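For reference, the chains in residue letters:
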Amino acid sequence: MTTTDQQPLGSPFSATSTAEDVMADLDLSAATAIVTGGYSGLGLETTRGLAAAGARVIVPARRPEVARAALADLDGCEVIPMDLADLDSVRAAAAQINDSITRLDLLMAVAGVMATPERRVGPGWEGQLAVNHFGHFALACELYPLLAAAGGARVVVNSSAGHALTGIRWHDPHFFTGYDKWLAYGQAKTANALFAVQLDALGRNDGVRAVALHPGKIITGLQREMTLQEQIERGWVDEHGTVIGADFKTPSQGAATGLWAATSSLLDGRGGLYLEDCHVAHVSAPDEPMDDGGVRAYAIDPEAAARLWELSVAATGATPITR
């Protein structure tokens, strides 16, 4: 198994850096960005950071009216309907985007679901893999000509430390032999990381670079499928729902790594990396506790990334990207 070059880059930021810290004095007035899930939680903080720097931000949203209300006070933002679980919806959104812009500088894949009850979407796909990976995969493939036209685009994919739960279950990726909501989440987050590795490999000759990241532990709407009791048992919140975990970040701190990935000059000409705490993550040992950070080697393995890419093209019917 080979891996990408997970070496420190000397970032001036850290786990406690905020979106405002990362975006200070940046001018993105010439840039167009797409932020999936860009109207709540980390996505909203990401949209705010990009819009404050002058970027035009397009927010595809499953709940467009909710999104428009959330973004009403931001300049330069527009909402289009899109449901990541519905590939026809993804393609329709991509067609609308292709008609409205000529280049795309940033694609921020922030939307996601976590630890959901078993759901089947499309032709029977496991729902977390479908929403977190297949939807974003299809969107990126449909928008690839716009990314290539930017001459230096970046794709930033939110993964999670949860990827440490499992690699890709090649024998049963859709959990037909028995569903486990946490393994399904872990697989989807591994898929997010591998997607960035292969997209970067395919896109670098066109100036399209991709990275994945762990934003940190943050209580947002992502936990909406979990009961309060589950969150209490995990030591995340108290009986009132108040965050008590010492290592939790604010939403602004959680958005910082993605915004750093999107804008840092330290990442010019680099990609296929897994980031955390506004740094390049170390490669973690198989038995290292998930909360100790780092990335498992299987989540940045180019051979696994290429295999997942082929599986995803076959599943979604997306237009292949060739070198």
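A brief look at the structure comes next. Bear in mind that the values here come from a model prediction, so they are computed numbers and not experimental data.

1. Here we look at the sheet that holds strand β3 (residues 77-81)
- Read from one edge of the open sheet, 8 strands run β3-β2-β1-β4-β7-β8-β9-β10, paired in mixed fashion. Every other strand in the sheet has two partners, leaving β3 and β10 (279-280) as the edge strands with one partner each.
- Here strand β9 (residues 273-276) runs beside β10; their pairing, made up of 2 bridges, is antiparallel. Residue E276 lies in a different strand from β10, and its bridge partner there is H279.
- Lying on the sheet, helix α4 (residues 87-100) is in contact with β1 (32-36), β2 (56-61) and β3; it crosses β3 at an angle near 145 degrees.
- Those strands touched by helix α6 (residues 181-203) are β7 (154-158), β8 (209-214) and β9, and its axis lies near 160 degrees from that of β8.

2. With respect to the side chain of H163
- The topology assignment puts H163 in the loop between β7 and α6.
- In this structure H163 touches G186, K189, T190, Y274, G294, V295, R296, Y298 and A299, once residues within four positions along its chain are discounted.

3. Quick look at the packing of aromatic side chains
- Scanning all chains against the criterion turns up 6 aromatic pairs.
- For the ring pair W125 and F134, a centre distance of 4.8 Å and an interplane angle of 55 degrees mean the geometry is tilted.
- An aromatic cluster is built from F137, F195 and W309, whose rings are joined through pairwise contacts.
- A cation over an aromatic ring shows up here: R169 above the ring of F175, its NZ or CZ 3.8 Å from the ring centre.
- Over the face of the ring belonging to W170 we find R307, whose NZ or CZ atom lies 4.1 Å from the ring centre.

4. Considerations on the packing of helix α2 (residues 41-52) against helix α8 (residues 251-263)
- It is at 8 Å that the axes of α2 and α8 come closest, and there the two elements cross at 60 degrees. α8 is crossed by α2, and the crossing has right-handed handedness. For the pair α2 and α8, contact is made by L42, E45, T46, G49 and L50 and by P251, S252, G254, A255 and L259, respectively.
- Within the contact of α2 with α8, the residues separate by chemical class into 5 nonpolar, 4 polar and 1 charged.

5. Side note on the side chain of H133
- Within the secondary structure, H133 sits in helix α5 (residues 127-149).
- Given the relative accessible area of 2%, H133 is considered buried.
- Leave out the neighbours within four places in its chain, and H133 touches Q128, A191, N192, F195, L308 and S312.

6. Structural notes on the packing of α6 against helix α9 (residues 302-316)
- Two elements in contact, α6 and α9, have axes whose closest approach is 8 Å; the angle formed by their N-to-C orientations is 90 degrees. Taken together, the axis directions place α6 and α9 in an arrangement best described as roughly perpendicular. On α9, the residues touching A191, L194, F195, V197, Q198, L199 and L202 of α6 are P302, A304, A305, A306, L308 and W309.
- Within the contact of α6 with α9, the residues separate by chemical class into 12 nonpolar, 1 polar and no charged.

7. A short note on the pairing of β8
- Of all 6 residues in β8, 6 are buried; the element is thus mostly enclosed.
- With burial as the criterion, each face of β8 is covered, one bearing R209, V211 and L213 and the other bearing A210, A212 and H214.
- Pairing geometry for β7 and β8, over 5 bridges, is parallel. Residue pairing in the sheet places R154 in a bridge with R209 of β8.
- Each parallel crossover has a hand, and for β7 linked through α6 to β8 it is right-handed.
- Relative to β9, β8 runs parallel, the two being bridged by 4 bridges. Counted as the bridge partner of V211 is L273 from β9.

8. Brief notes about the pairing of strand β4 (residues 106-109)
- Burial of β4 is two-sided: the residues L106 and M108 facing one way and the residues L107 and A109 facing the other way are all buried.
- Strand direction decides the pairing type here: β1 and β4, joined by 4 bridges, are parallel. When the bridges of β4 are listed, T36 appears paired with A109.
- When β4 meets β7, the two strands line up parallel, connected through 4 bridges.

9. Things to note about the pattern of salt bridges
- As enumerated under the stated definition, the model contains 12 salt bridges in all.
- Across the salt bridge formed by D268 and R154, the nearest N and O atoms sit 2.5 Å from each other. Residue D268 is found in the loop between α8 and β9, and its partner R154 is found in strand β7; the two are separated by 114 residues along the sequence.
- Owing to a relative accessible area of 11%, R154 belongs among the buried residues under this scheme.
- With its nearest N and O atoms 3.6 Å apart, the salt bridge here joins K217 to D291. Residue K217 is located in the loop between β8 and α7 (228-233), and its partner D291 is located in the loop between β11 (283-284) and β12 (295-296); the two are separated by 74 residues in the primary sequence.
- In this structure D291 comes out as exposed when scored by relative accessible area, which is 53%.

Reading the values: the criteria
- Counting restarts for each chain: residues are numbered from 1 in the order of the written sequence.
- Reporting of local features is limited, given that this is a predicted model, to residues whose pLDDT is at least 70; pairs of side-chain atoms are given and counted only at 80 or more, and all residues count toward the totals for whole chains, interfaces and linings.
- Excluding hydrogens and water, the side-chain values take into account all heavy atoms of the structure.
- DSSP calls a pair of strands paired once it identifies at least 2 bridges connecting them.
- Secondary structure elements follow DSSP: runs of H or I of four or more residues count as helices, runs of E of two or more count as strands, with numbering from the N terminus.
- Should any heavy atoms of two residues lie within 4.5 Å, those residues are considered in contact.
- Helix axes are fitted to C-alpha atoms over the stretch in contact, other axes to C-alpha atoms as well, and angles between N-to-C directions run from 0 to 180 degrees.
- Any two of the Phe, Tyr and Trp rings considered here, Trp counted by its six-membered ring, make a pair once their centres fall within 6.5 Å; the pair's planes then place it as stacked at under 30 degrees, edge-to-face at over 60, or tilted in between.
- Criterion for a charge above a ring: Lys NZ or Arg CZ within 6 Å of the ring centre, and within 35 degrees of the ring normal.
- Should the near helix be turned counterclockwise from the far one by less than a right angle, the crossing is left-handed, whereas a clockwise turn marks it as right-handed.
- We call Asp, Glu, Lys and Arg charged. Ala, Val, Leu, Ile, Met, Phe, Trp, Tyr, Cys and Pro are nonpolar, and the rest, Gly among them, are polar.
- Relative accessibility under 20% of the residue-type maximum defines a buried residue, over 50% an exposed one, and the middle range a partly exposed one, all with a 1.4 Å probe and only protein chains included.
- An angle below 35 degrees is treated as roughly parallel, one above 145 as roughly antiparallel, one from 65 to 115 as roughly perpendicular, and anything else as oblique.
- Whether a crossover is right-handed depends on one test, that the path from the first strand over the helix to the second runs clockwise when the strands point away from the viewer.
- Whenever a carboxyl oxygen of Asp or Glu lies within 4 Å of a side-chain nitrogen of Lys or Arg, that contact is scored as a salt bridge.

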